[in-house]
Amino acid sequence: MNAKASLFLVIRTIKRGNKSSLIMILFMMILIFINLIFLSSVFAGIIEGANKEAINNQYGNILIEPEIDEKYITNVKVIKKLDNFSDEISVSPRYVNNTVISFDQKKDGKNVESGKWPVESIDVYKEKSVTDIYKNMSVGEYLSPGDEGKIIIGREIAGGEGSNSTNNLGNIKVGQEVDVNFNNGPKRTYTVKGIFDTKNSSADSTAFVNQKEIESFLGVHGLASKILVRINDEVDEATYIERLRDLGFKNEKLSPWYELMGMTEDANKSFAMVSAILSVIGTIVAGITVFIIIFVSVVNKRKQIGILKAIGMKKSTIILSFIFQALFYAVIGIILGTLLSLLIIEPYFQAYPMDFPMGWVSLKISTQILLISSVSLIIASFIGGFVPAFKAAKETILEAIFG
Amino acid sequence: MIISTKDLIKTYKGLVPTKALRGVSLGIEKGEFVGLMGPSGSGKSTLLHQLGLLDSPSSGQIIIDGKEVTNYSEKEKSDFRLNKLGYVFQFQALLPELTAIESVYLPLMLTGANKKVYMEKATKILEEVGLGERLHHLPKELSGGEQQRVSIARALVNDPDVLFADEPTSSLDTESSLSVLKLFRRLNNDLGQTILMVTHELSHKEHVDRVIWLEDGKLKKK
């Protein structure tokens, strides 16, 4: 085998061959590569979108829950310590109350819309540093620290456009009143101050009221039914769970967000599997396309292959030159496809994300996806180039030259 | 004797097997310019292909430069063709993407020669065949005669023991044909190059030292 001669031939073929064909082939390779990374990136974006929604609007990074069989986290001293624990985290303690919320629009006792939803109480300042619900008010306003008798409700409770629930308050509007029956008996009337739409259906099936109001109402102070912990730097959840245990949460349940995902986690696994299947199909299509390109090239050069063999070029050198040709197409497709994806396609979808039920989804073109797709395309091109070249090089010299 | 054959037989298989060579025994001396002639279908090109190791005979023996090459493996034949033999085909067998000098230095590159050596040698040999001014021209920029001279230069660049030419002038006009034949004569006279040329033009007899006449796959005295 003479790799130098193989390279020499392929460089001359590319440099002096038909430019229009070359541009078309490279364009096709770019599309093949983008096709390989696009679906994987969409699925990665969906998974990342769902994860972000869960962190930003439902769990934070870590969720602290009471000991088994306890209603509240009663470790008041430790809860207080959390406020000054670290600049790297923010915390939001909440009380959770199971309630029946009802809406009697005409206040005549007829056509009352009602359902069971949790009403959670929040410290507005703390909550804003942990979740993004305040950024997702679709109508009305977020709670203010001094609000009394005011409630904000999720889109799934409110009903109307954007709601996927069958049981809701029948498109209630901001400023209208709801009755909230707490599970321990009392009933209160609240004015709807705002309706939020986070795209996380669990978060959107929750209502929030001010914490002070609930504490006085429940007769508790400084406790919590759950505490959401937001990590503000790159340190992983497991490290902070250890630090929180050391702080004093010995028996409480501390869970990272990804352990709480449940069904979403299953869906993510399914997405990963579909993505893998589509990538395999994409790679096979890429291999067949390269095979066809090289096959056409080989057929057109049949006589030349015979001449090269006649002057003493070895079969392996001829095969290698076609493999180099296939790999050249693949590498250019990968380079230009990567540039196009990172400089145009990804920024476009970040600016204009796709609206999916689980959240706003933009492409997530990870290094891993780029690497896997590149290696797949190179292997597919190697095989796609080798097979037709091997078959052609096997022909006898006279068959190749004279047909 | 640079080439000798003994009872060379070539039969093409098929529904009706074709006997192209029926026991050819011949010898060519080093430095001879030999014309291989005969009517169409007589087996001239078949014999050339066997001697040039482009094909394998059904039976018989081929000895080139004292080496029994008949049963060489594919790889051995490939190496032998590269280092010991040169070919000029009846059509202008050049790669369209290679310039004259690139076509000529390719066989040298295959032997592993370094760039300085193959550039110098290819330039020199192209100058010898009268194409010193056309080194960097692509085949489409050369006339048929010039292309054939590039083929000849390529065939000679590895200093072959034998140069095989299969009707090298058949696709050329009279003037170009004459120029190619004169070039062969000069290479033979000046360099002592052994040449075996297939031709069907009787007028070419005067350009060669000796004619081997073939009819129905057998040698004939003429």
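Residues numbered from 1 in each chain as written. Chains lettered and ligands numbered in written order. Predicted model: local features only at pLDDT ≥ 70, side-chain atom pairs only at ≥ 80, totals over all residues.

### With respect to the nonpolar core
Move 1: Core analysis: the largest hydrophobic core is formed by 136 residues, its most contacted members being Leu36, Val104 and Leu196 of chain B.
Move 2: Among the elements that take part in this core, helix α2 (residues 19-59) of chain A stands out by supplying 17 residues, more than any other.
Move 3: The residue makeup of this core includes at least three contributed by each of domain 1 (3-54 + 265-402) and domain 2 (67-251) of chain A.
Move 4: Filtering out sequence-adjacent residues up to four positions away, Leu196 of chain B remains in contact with Ile28, Val34, Leu36, Leu48, Leu51, Val162 and Phe164 of chain B. (Core = buried A, V, L, I, M, F, W, Y, C linked by C-beta atoms within 7 Å. Buried ≥ 20, exposed ≤ 12 C-beta atoms within 10 Å, placed from the backbone. Helix = DSSP H or I, 4+ residues; strand = E, 2+ residues; numbered from the N terminus. Domains from an automatic or database assignment. Contact = placed C-beta atoms within 7 Å.)

### Quick look at the packing of helix α3 (residues 100-110) of chain B against helix α4 (residues 115-128) of chain B
All names here are of chain B.
Move 1: At their nearest, the axes of α3 and α4 sit 9 Å apart, and the two run at 125° to each other. Considering their axes alone, α3 and α4 lie oblique with respect to each other. As for the relative orientation of α3 and α4, their crossing is right-handed in sense. Where α3 approaches α4, its residues Ala100, Ile101, Val104, Tyr105, Leu108 and Met109 are matched on the opposing element by Tyr118, Met119, Lys121, Ala122, Thr123, Ile125 and Leu126. (Axes fitted to C-alpha atoms, helices over the stretch in contact; angles between N-to-C directions. Parallel < 35°, antiparallel > 145°, perpendicular 65-115°, else oblique. Left-handed = near helix turned anticlockwise from the far one by under 90°.)

### Digging into unusual backbone geometry
Move 1: Positive phi values are uncommon outside glycine, yet Lys199 of chain A reaches one of about 75°.
Move 2: Looking at the element boundaries, Lys199 of chain A is found in the loop between β7 (187-196) and β8 (207-210).
Move 3: Taking the number of C-beta atoms within 10 Å as the measure of exposure, Lys199 of chain A has 20 and is therefore buried.
Move 4: Phi at Asp216 of chain B takes a positive value of approximately 50°, unusual for a residue other than glycine.

### Looking at the environment of Ile62 of chain A
Residues and elements named next belong to chain A.
Move 1: Tracing the backbone shows Ile62 in strand β1 (residues 62-65).
Move 2: On the neighbour-count criterion, Ile62 (25 C-beta atoms within 10 Å) is buried.
Move 3: When the C-alpha atoms of Ile62 and Leu39 are compared, they prove to be 31 Å apart, with 23 residues separating the residues in sequence.
Move 4: Those residues in contact with Ile62, other than ones at most four positions away along the chain, are Val229, Glu237, Tyr240, Ile241, Leu254, Ser255 and Pro256.

### Here's the deal with the pairing of β8 of chain A
All names here are of chain A.
Move 1: Bridge count between strand β3 (residues 113-122) and β8: 4 bridges; the pairing is parallel. The residue bridging Ser121 from the neighbouring strand is Val209, located in β8.
Move 2: For strand β5 (residues 150-154) and β8, the ladder comprises 2 bridges, and the chain directions are antiparallel. By the bridge assignment, Ile153 is partnered in β8 with Ala207. (Pairing = 2+ DSSP bridges.)

### A few points about the sheet that holds strand β1 (residues 3-12) of chain B
As a general point, the strands of a sheet are linked pairwise by backbone hydrogen bonds and lie either parallel or antiparallel.
All names here are of chain B.
Move 1: Reading across the sheet, the 4 strands line up as β2-β1-β4-β5 and stay open at both edges, with antiparallel pairing between neighbours. Each having just a single partner strand, β2 (18-28) and β5 (67-68) make up the two edges of the open sheet.
Move 2: Where strand β4 (residues 59-64) meets β5, 2 bridges bridge the pair, whose relative direction is antiparallel. Among the inter-strand pairings, Ile63 is bridged to a residue of β5, identified as Glu68.

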